[in-house]
Amino acid sequence: MSAPSVDPKVRRRQIALRVAFLAALAGGLLWWSRARMPAEVALVVDLTSALPGDLRELDLIVTRAGHLLFRSDRRYGPSGAPQRERYQLRAAPGSADVEATLVYPGRPARRVSSTVELREDHPAEVSTH
């Protein structure tokens, strides 16, 4: 027994539908992988609450869902810290938790926690006030 013959128009339509489905699937996967790809994002820590020469160390930890994205421990000399510290992170855009520990000479360290939105087009700002 031979296979039933398929109309050429129906066959072309089936092939066109399969190609369109595969193209949509490939485009969706490409978009999804691009959305999850880490990007260069900026984080600015505002240290204007500290008096000049007052702050000696800044320990910064950036996490997302309990996973470490970035950590920095900067120590400053007798002149103290600058008014603003800028950090470049390689992370996927989105919400992140930032914890900054400010170390002063002769006083207890102060911890500041906040949640920021990391974006490629605009630096996230953390205030230590």
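Preceding block: the structure.
Residues numbered from 1 in each chain as written. Predicted model: local features only at pLDDT ≥ 70, side-chain atom pairs only at ≥ 80, totals over all residues. Heavy atoms only, no water.

To continue, consider a nonpolar patch on the surface. Side chains of Phe21, Leu22, Leu25 and Leu29 sit close together on the surface and give an oily, nonpolar patch of about 420 Å² of accessible area. Relative to the elements of secondary structure, Leu22 occurs in helix H1 (residues 8-36). (Patch = residues over 30% accessible without salt bridge, like charges linked within 9 Å, V, L, I, M, F, W, Y side chains within 5 Å. Areas by Shrake-Rupley, 256 points an atom, 1.4 Å probe, with all protein chains shown as cover. Salt bridge = Lys/Arg side-chain N within 4 Å of Asp/Glu carboxyl O. Helix = DSSP H or I, 4+ residues; strand = E, 2+ residues; numbered from the N terminus.)

Turning our attention to the pattern of salt bridges. Taken as a whole and judged by the stated rule, the model has nine salt bridges. The salt bridge involving Arg75 is made with Glu57; its shortest N-O contact spans 3.1 Å. Here Arg75 is found in strand E3 (residues 67-75), whereas its partner Glu57 is found in strand E2 (residues 57-64), with 18 residues between them in sequence. Across the salt bridge formed by Arg119 and Asp121, the nearest N and O atoms sit 3.2 Å from each other.

So, on to the side chain of Asp46. When you line up the elements, Asp46 lands in strand E1 (residues 39-46). Among buried Asp, Glu, Lys and Arg side chains, Asp46 stands out as unpaired, with Arg84 the closest opposite charge at 4.6 Å. Side-chain polar atoms of Asp46 contact the side chain of Thr48, separated by 2.9 Å. If we ignore the near neighbours within four places in the chain, the residues touching Asp46 are Gln83, Arg84, Val126, Ser127, Thr128 and His129. (Buried < 20%, exposed > 50% of the residue type's maximum accessible area, 1.4 Å probe, protein only. Lys, Arg positive; Asp, Glu negative; His and termini not counted. Polar contact = N/O pair within 3.5 Å; in protein donor to acceptor, adjacent residues only side chain to side chain. Contact = heavy atoms within 4.5 Å.)

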